[in-house]
Number of protein chains: 2
Amino acid sequence: MSEELSIDGLSEDLKKKGIHPSYHRLKILEYLMQNKTHPTADMIYKELSKEIPPLSKTTVYNSLKLFLKRGIIQELTIEEKEVRYDADTRPHAHFKCTECGNVIDMAIEPPTLNPERVVEGHKVTECHLYLKGVCKNCLKNPKK
Amino acid sequence: MSEELSIDGLSEDLKKKGIHPSYHRLKILEYLMQNKTHPTADMIYKELSKEIPPLSKTTVYNSLKLFLKRGIIQELTIEEKEVRYDADTRPHAHFKCTECGNVIDMAIEPPTLNPERVVEGHKVTECHLYLKGVCKNCLKNPKK
DNA sequence: ATTCTTGCAAATCATTTGCACTTTA
DNA sequence: TAAAGTGCAAATGATTTGCAAGAAT
């Protein structure tokens, strides 16, 4: 893809965060950056398995957990029993379509999602805005 | 929803929603309305069990699911593996303290959380704003 | 050689399900 | 007596853990 998504670039990103850029880790992060579908661990595993047969789900979980701890991805819990991951850690909202199940990004009025502020005396460090409804596409093409 | 918490009032609320106001259901809803701590199903079960020995967790799950379907409570998925319930269905934000683990309500600038609107062509019907950080209380009394 | 990475298999744990018992109308 | 409510026990399924084998430096 583009140069910012080159394996070399990703490799550098990981090194900067103190993560050894192993092949599996690079592929998992690359997948997350190229697929803005906010996949679950299972989706990532299923897709990458086609390409990388010797890949275990444990490694996917291990890698995601590591990326999360180092702040290079974020976890979305828009729905119970469906933890999704997003390589874009900039503040933005997420919309889940109840028809097609897709989760899409949404630009949202900044003040709301600005982290690192104090509200009512509480120190806020993280913000998630989750919207649900029917997406543009499903509104146009109703199922059934 | 009635403002007072009389059993009679709750009973009427349930009937209006087409839910038979059984003893267990009334106690579960009453607990949710009196305890603004956004408890999990397990917390509700553990607490109510003290009072109502013949109560099974299945009944708690059944009742919560039913209330949810009829729109008299809402589900909070601020954290994975910790689905919480809130009897207040008006738009408001939720803050989870990473120190004490408590989830507290927060009044939030209305436009952000107004449901039933169209954003970027998508029909929004539900909004959740989840904040994380350290609460006022834990800032004052740091642990250890 | 030691440390890091990977991965199988078993453990965990919240939630769901099947079904039988009990209560209510 | 049919329908609704309840609850035990088993099933489910995503995630975690323990540990051993393989890879990297």
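Everything that follows concerns the structure shown earlier in this document.
Because the structure is a prediction, the values reported are computed rather than measured. (Residues numbered from 1 in each chain as written. Chains lettered and ligands numbered in written order. Predicted model: local features only at pLDDT ≥ 70, side-chain atom pairs only at ≥ 80, totals over all residues. Heavy atoms only, no water.)

Chemist: Report on the relation of the copies chain A and chain B, specifying residues and quantitative values.
Modeler: Aligned on chain B, chain A shows an RMSD of 0.0 Å; the corresponding rotation is 180 degrees and the shift along the axis is 0.0 Å. Such a combination of rotation and displacement between the chain copies is what one expects of a two-fold axis. Within chain A, L129 of chain A has its C-alpha nearest the rotation axis, a separation of 2.2 Å. A shared interface surface links the copies, since 100% of the contact residues of chain A are contact residues in chain B too. (Least-squares fit on C-alpha atoms with pLDDT ≥ 70 in both. Contact = heavy atoms within 4.5 Å.)

Chemist: So what's going on with the protein's contact with DNA strand D? Which residues, and what values?
Modeler: In the neighbourhood of DNA strand D, 17 residues make up the surrounding shell, with Y61 and K65 of chain A together with R25, P54 and T59 of chain B lying closest. Here DNA strand D approaches the protein such that, of its atoms within 4 Å, sugar and phosphate make up 77%. Measuring from a phosphate oxygen of DNA strand D, one finds a side-chain N or O atom of Y61 of chain A at 2.4 Å. A distance of 2.8 Å separates a phosphate oxygen of DNA strand D from a polar atom in the side chain of S22 of chain B. Those elements that provide at least two residues to the surface near DNA strand D are helix 4 (57-69) of chain A together with helix 2 (23-34) and helix 4 (57-69) of chain B. The class makeup of the residues in the surface near DNA strand D is four nonpolar, nine polar and four charged. (Near = heavy atom within 4 Å. Polar contact = N/O pair within 3.5 Å; in protein donor to acceptor, adjacent residues only side chain to side chain. Helix = DSSP H or I, 4+ residues; strand = E, 2+ residues; numbered from the N terminus. Nonpolar A, V, L, I, M, F, W, Y, C, P; charged D, E, K, R; others polar.)

Chemist: Would you mind going over the state of the cysteines in detail, with residue names and values included?
Modeler: Using the criterion set out here, one finds zero disulfides over all chains in the structure. In this structure C100 of chain A is a free cysteine whose sulfur lies 3.6 Å from that of C97 of chain A, the closest cysteine sulfur available. Judged by its relative accessible area of 29%, C100 of chain A is partly exposed. With no disulfide of its own, C127 of chain B has C127 of chain A as its nearest cysteine by sulfur position, at a separation of 14 Å. (Disulfide = S-S within 2.5 Å. Buried < 20%, exposed > 50% of the residue type's maximum accessible area, 1.4 Å probe, protein only.)

Chemist: Any chance you could break down the pairing of strand 3 (residues 93-97) of chain A for me, citing the residues and the numbers?
Modeler: Residues and elements named next belong to chain A. Among the five residues that make up strand 3, five are buried, leaving the element largely enclosed by the rest of the structure. Alternating residues of strand 3 divide into A93, F95 and C97 and H94 and K96, and every residue in both groups is buried. In terms of strand pairing, strand 3 meets strand 4 (residues 103-106) through four bridges, oriented antiparallel. Residue pairing for strand 4: H94 is matched across the bridge by D105. Of the strand pairs in this sheet, strand 3 and strand 6 (residues 122-134) are connected by four bridges, and their pairing is parallel. Within strand 6, the position partnered with K96 by the bridge is K132. (Pairing = 2+ DSSP bridges.)

Chemist: Could you give an account of the layout of surface pockets, naming the residues involved and the relevant values?
Modeler: Space inside the largest pocket adds up to approximately 480 Å³. Around the largest pocket sit 22 residues that line it, and I73, Q74, E75, E126 and H128 of chain A are the ones nearest its centre. Counting only elements with at least two residues in the lining of the largest pocket, the list comes to strand 1 (74-79) and strand 6 of chain A together with strand 1 (74-79) of chain B. Sort the elements by how many residues they give to the lining of the largest pocket and strand 6 of chain A lands first, with six residues. Grouping the constituent residues of the lining of the largest pocket by class yields nine nonpolar, seven polar and six charged. Each of domain 1 (7-78) and domain 2 (93-140) of chain A accounts for three or more of the residues forming the lining of the largest pocket. Taken as a whole, the second largest pocket spans an internal volume of roughly 400 Å³. Of all the secondary-structure elements, those providing two or more residues to the lining of the second largest pocket are strand 1 of chain A together with strand 1 and strand 6 (122-134) of chain B. (1 Å grid on protein atoms, 1.4 Å probe; cavity = no way out; pocket = protein on both sides within 12 Å on 5 of 7 lines; lining within 4 Å. Points joined across faces, edges and corners; volume = space filled by probe spheres on them. Domains from an automatic or database assignment.)

Chemist: Lay out the interface of chain A and chain B in plain terms, naming residues and giving numbers.
Modeler: Facing 33 residues of chain A, the contacting portion of chain B comprises 33 residues. Surface buried jointly by chain A and chain B totals about 2800 Å² across both partners, of which 58% is contributed by carbon and sulfur atoms. Along the contact surface separating chain A from chain B lie two salt bridges. In this structure, K132 of chain A and E126 of chain B form a salt bridge, with 3.9 Å as the shortest nitrogen-oxygen distance. Every element with two or more residues in the side of chain A that touches chain B is listed here: strand 1, strand 4, helix 5 (110-113), strand 6 and helix 6 (136-140) of chain A. Take the side of chain A that touches chain B: its biggest share by element is 13 residues, from strand 6 of chain A. Of the residues in the side of chain A that touches chain B, the class split is 16 nonpolar, seven polar and 10 charged. When strand 6 of chain A meets strand 6 of chain B, the two strands line up antiparallel, connected through 11 bridges. (Buried area = accessible area lost by both parts, 1.4 Å probe. Salt bridge = Lys/Arg side-chain N within 4 Å of Asp/Glu carboxyl O.)

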